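An overview of the molecular structure
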Amino acid sequence: MLKTPGIMVIEPSSEQGKRRAAGIFSRKDSYLDAEAIKTSLKDIRGYTKNNCVPLLDQLKRSLEQYSGVKVTFAENAKNAASRIKEIAGPTTLVSMNKSNVVVNELRPELHAMGLNTHLRYFTEFNNFDVETFKKKVEDYWSVPGMHGRGLVESFEVRKQFLRLNPSEVRDYVAILGVNAASAEDGTLYFLQHMSNISKDLEQARKIILVVSVEKVLKDKEAALLHTRSMGIFGLESILLDLNPNPAEAYDFDQLPVLPNIQEREEREVHLIILDNGRTALLNNGYQDLFLCIDCRACARQCPIGKHLMVERGLVYSPKNYILAFLQGKVPPLDECLHCGRCEVECPVGIDVPTLVWKTQIEYAQKHGRSLKKRLLDDPEILAKMGTLTAPLANWAGSLPIVKRIMELTAGIHHQASLPTFHRRTFKDWFKGGARE
Ligand code: SF4
Ligand code: SF4
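Described below are features of the structure shown in this document.

What counts as what
Residues numbered from 1 in each chain as written. Chains lettered and ligands numbered in written order. Predicted model: local features only at pLDDT ≥ 70, side-chain atom pairs only at ≥ 80, totals over all residues. Heavy atoms only, no water. Helix = DSSP H or I, 4+ residues; strand = E, 2+ residues; numbered from the N terminus. Buried < 20%, exposed > 50% of the residue type's maximum accessible area, 1.4 Å probe, protein only. Near = heavy atom within 4 Å. 1 Å grid on protein atoms, 1.4 Å probe; cavity = no way out; pocket = protein on both sides within 12 Å on 5 of 7 lines; lining within 4 Å. Sits in = over half its atoms within 2 Å of the grid points. Nonpolar A, V, L, I, M, F, W, Y, C, P; charged D, E, K, R; others polar. Core = buried A, V, L, I, M, F, W, Y, C linked by side-chain atoms within 4.5 Å. Domains from an automatic or database assignment. Contact = heavy atoms within 4.5 Å. Axes fitted to C-alpha atoms, helices over the stretch in contact; angles between N-to-C directions. Parallel < 35°, antiparallel > 145°, perpendicular 65-115°, else oblique. Left-handed = near helix turned anticlockwise from the far one by under 90°. Points joined across faces, edges and corners; volume = space filled by probe spheres on them.

Let's shift gears to unusual backbone geometry. A cis amide bond links Ala 390 with the next residue in sequence, Pro 391, at an omega value of 5°. With respect to the secondary-structure elements, Pro 391 resides in the loop between α19 (379-389) and α20 (392-397). The phi dihedral of Asp 294 is positive, around 60°, even though this residue is not glycine. Relative to the assigned elements, Asp 294 resides in the loop between α12 (278-281) and α13 (297-301). Given the relative accessible area of 11%, Asp 294 is considered buried. Look at Arg 296: it is not a glycine, yet its phi comes out positive at around 65°. For Arg 296, the location among the structural elements is in the loop between α12 and α13.

What follows is the structure, encoded as structure tokens:
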């Protein structure tokens, strides 16, 4: 039997109630709280940021002991997709998990190569039977109170795949973005919300595991903490994506089981280590993105996220967006309100709003500011023009043709309510006079 690295799947655990009861008999300070976890998390993520290259070398050496996994290093998404296409051979059906590296970075390249991809996470909702979907959401894990100690204790390794030798293999390829990898021994970690990852590990004929370089951690303990923290801090952000999307619906369980025993036993397991512009971040002022655990707590708080997620087909988080910009795939995040909510929520304290500014400034230095930016960045000028020309400005602003022109030029939606301008300003009113 070919040896593969251990794969740990972390899920919420119902054991937390028992632990709480047991806690009555033990010392209170023996428990980890959210702040203590944040401190440890910053340490282990900082270690990866400062030791990325040696950690990658160590991971490659650790994986050499596993005869059952073929390792590839891919510099960019195109190279990774070409390798995936090669591995997939004649099979074009692909299941993938909801990881940003797979969905945001690899998926467009895979589509361009003719592969047919589905996010099995969504097909787990019984292909969107509305009643079942609602029930699943209502029962969602019965996870205990958010942010409390119960939540901290709720994520544990529930499934271990020490050998990938299942009995029900189907003819499709699974591409799974790994949440954390231990450089010390090659163990891989996933956080699982539904049962999609376990099912893919049990059923797919070919398994392709994708580790982006910042997901390589020192050892098993660090990788486990990282992955658990994704659940602890990102739990509420899961709700952002519980949105039926029929385009993703595909029932992999209905695929016929491969009858050929040999074909089942010789399942291919591949591991792609993907850079895609990440190591360059260490030298260009964006190195703090290396601290990110991809919990998407920032996405939950971001007031503009939903719109971007839907329109641009991303697994959205402000951090993912910055990364996509740096990879040359999207314009800068002009919609950002610089409200700072993402930074407040981030368990590792990444100053996301400043990084958004940085992308905007760098883009403007290279390409100049768009007409929209020039118009909207200086509301004072707009307000002065409006008061000087009122009530004409109000009348013009109400005309459908003008609204359409403003939508095209300044990006102001034609249904948006515009402010009403007055000749008499607030200052004039306060002084008791009138505008000359
Ligand atoms: S600062 Fe920008 S990216 Fe961060 S939450 Fe606010 S709008 Fe979103
Ligand atoms: S940047 Fe966002 S996704 Fe990354 S760790 Fe901070 S909150 Fe989580």
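Inspection of the region around ligand 1 gives Cys 302, Pro 303, Pro 318, Cys 336, Leu 337, His 338, Cys 339, Gly 340, Cys 342 and Pro 353 as its neighbouring residues. A majority-of-atoms criterion places ligand 1 in the second largest cavity. In terms of residue class, the shell around ligand 1 is built from eight nonpolar, two polar and no charged.

It is worth spelling out the nonpolar core at this point. By size, the foremost hydrophobic cluster in this structure holds 75 residues, and its most contacted members are Ile 84, Leu 106, Leu 110, Ile 175, Ile 208 and Ile 350. Looking at this core, you find at least three residues from each of domain 1 (7-281) and domain 2 (296-367). Excluding residues that lie within four positions of it along the chain, Ile 350 makes contacts with Asp 288, Leu 291, Cys 292, Glu 343 and Leu 355. Of all hydrophobic cores here, the second largest spans 34 residues; its members include Leu 63, Ile 207, Val 211 and Leu 255.

Moving on, we get to the site of ligand 2. Taken together, Cys 292, Ile 293, Asp 294, Cys 295, Arg 296, Ala 297, Cys 298, Lys 319, Cys 346, Pro 347, Val 348 and Ile 350 are the residues near ligand 2. Of the residues belonging to the shell around ligand 2, the class tally is nine nonpolar, no polar and three charged.

At a closest axis distance of 12 Å, the pairing of helix α5 (residues 100-112) and helix α15 (residues 318-326) adopts a crossing angle of 30°. In terms of orientation, α5 lies roughly parallel with respect to α15. Seen along the crossing, α5 lies across α15 with a hand that is right-handed. Two secondary-structure elements touch here, α5 through Asn 100, Asn 104 and Glu 105 and α15 through Lys 319, Asn 320 and Leu 323. Of the residues assigned to the contact of α5 with α15, the class counts are one nonpolar, three polar and two charged.

Under the defined criterion, the tally for this structure stands at five cavities of 30 Å³ or more. Estimated volume of the largest cavity: approximately 350 Å³. If you trace the largest cavity, you find 25 residues lining it, with Lys 98, Ser 99, Asn 179, His 193 and Met 230 closest to the centre. Contributions of two or more residues to the lining of the largest cavity are made by α5, α9 (196-203) and α10 (220-234). A per-class count over the lining of the largest cavity returns nine nonpolar, eleven polar and five charged. When residues of the lining of the largest cavity are sorted by domain, at least three fall in each of domain 1 (7-281) and domain 2 (296-367). Here the second largest cavity is characterised by a volume of approximately 120 Å³. Cys 302, Pro 318, Cys 336, Cys 339 and Cys 342 are, among the 17 residues lining the second largest cavity, the residues nearest its centre. Broken down by secondary-structure element, the contributors of at least two residues to the lining of the second largest cavity are α16 (341-345) and α17 (352-367).

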